[in-house]
Amino acid sequence: MTPEEVATFERCIAVGGVVLFPADTVYGLATEPDSREGVERLYRLKGRAPDTPAAVMFFDLELALAALPELGPRTRDAVERLLPGALTLLVPNPARRYPLACGPEPERLGLRVPLLEGELAPLAAVSWPVLQSSANRSGEPDASRIADVDEQLRAGVDMILDGGDLPGTPSTVVDLGPYERDGSWGLVRAGAIPREAVLRCLR
């Protein structure tokens, strides 16, 4: 992956294109979070209901925190301890930012900041957040290689960014909704990061 490819990725996202791209877990689909046309195309490619929540991914933690200034101090501290990494954090969204990603719960947002190392390191230069979801048809396995992605799905995107072989386990999903109030949290989906590792960070 070259810096030129990453710059093209960013330009494609900026105009509402849909990109097949690598994360630190599995391959995903990405589009501009506020582009209704892009989001609808992404969901059609997946065969997914349009009101299903997705995550917003930032490629830099500081950019993510700057974009969500309403996060309370305890929640912000937890985000800084947990990310970047193979986690999706469900955080309060009182300003109702990125509504197309939130589905029926506009005051809750899925937040991703991947750990970008090795082949993926050039992606850290991306300054544009993306709405992202795994690059598979709904109910089908996650893809750790471009070749594992459904052929029709590959044909339907505007750009494919190849990051080589990925770990293949999706992100762990952690609900930080009540964390600001009382320090409690929940494991919504087991994934790449074990519950014990999350617990150690949040103690």
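Residues numbered from 1 in each chain as written. Predicted model: local features only at pLDDT ≥ 70, side-chain atom pairs only at ≥ 80, totals over all residues. Heavy atoms only, no water.

What to know about the sheet that holds strand β5 (residues 108-112)
As a reminder, the rule being used: Each pair of strands is called paired provided DSSP finds at least two bridges between the two strands. Working definition: helices are DSSP H or I runs of at least four residues, strands are E runs of at least two. Numbering for both runs from the N terminus. Here a residue-residue contact requires only that any non-hydrogen atoms of the pair lie within 4.5 Å. Interaxial angles span 0 to 180 degrees and are taken between N-to-C directions of axes, which are lines fitted to C-alpha atoms, for helices over the stretch in contact.
Across the sheet, 9 strands lie side by side as β7-β1-β2-β6-β3-β5-β4-β8-β9; this open sheet has mixed pairing. Only two strands of the sheet have a single neighbouring strand rather than two, namely β7 (159-160) and β9 (186-189). Both strand β1 (residues 19-22) and strand β2 (residues 27-31) contribute to a ladder of 4 bridges, which runs antiparallel. Bridge pairing in β2 links Val19 to Ala30. Here helix α4 (residues 73-82) sits on the sheet in contact with β4 (87-92) and β5, set at roughly 170 degrees to β4.

Here's the deal with the pairing of β4
Two faces make up the sheet, and in a regular strand the side chains alternate between them. We apply this condition: Residue burial is assigned from relative accessible area. The probe radius is 1.4 Å, only protein chains are included, and a residue is buried under 20% of its type maximum, exposed over 50%, and partly exposed in between.
Counting buried residues along β4, 5 of its 6 residues qualify, which places the element largely inside the surrounding structure. Sheet topology places β4 next to strand β8 (residues 172-175); 4 bridges connect them, and they run parallel. Counted as the bridge partner of Leu90 is Asp175 from β8.

Quick look at α4
Inclusion rule: Note: the arc covers the axis-to-C-beta directions of the helix.
Looking only at α4, the buried set comprises Thr75, Ala78, Val79 and Leu82. Summarising the axial view, the buried residues of α4 lie within an arc of 100 degrees, below the 170-degree limit, and thus occupy one face. Residues of α4 that are buried sit in contact with α3 (61-67), β4, β5, α7 (179-182) and α8 (195-202).

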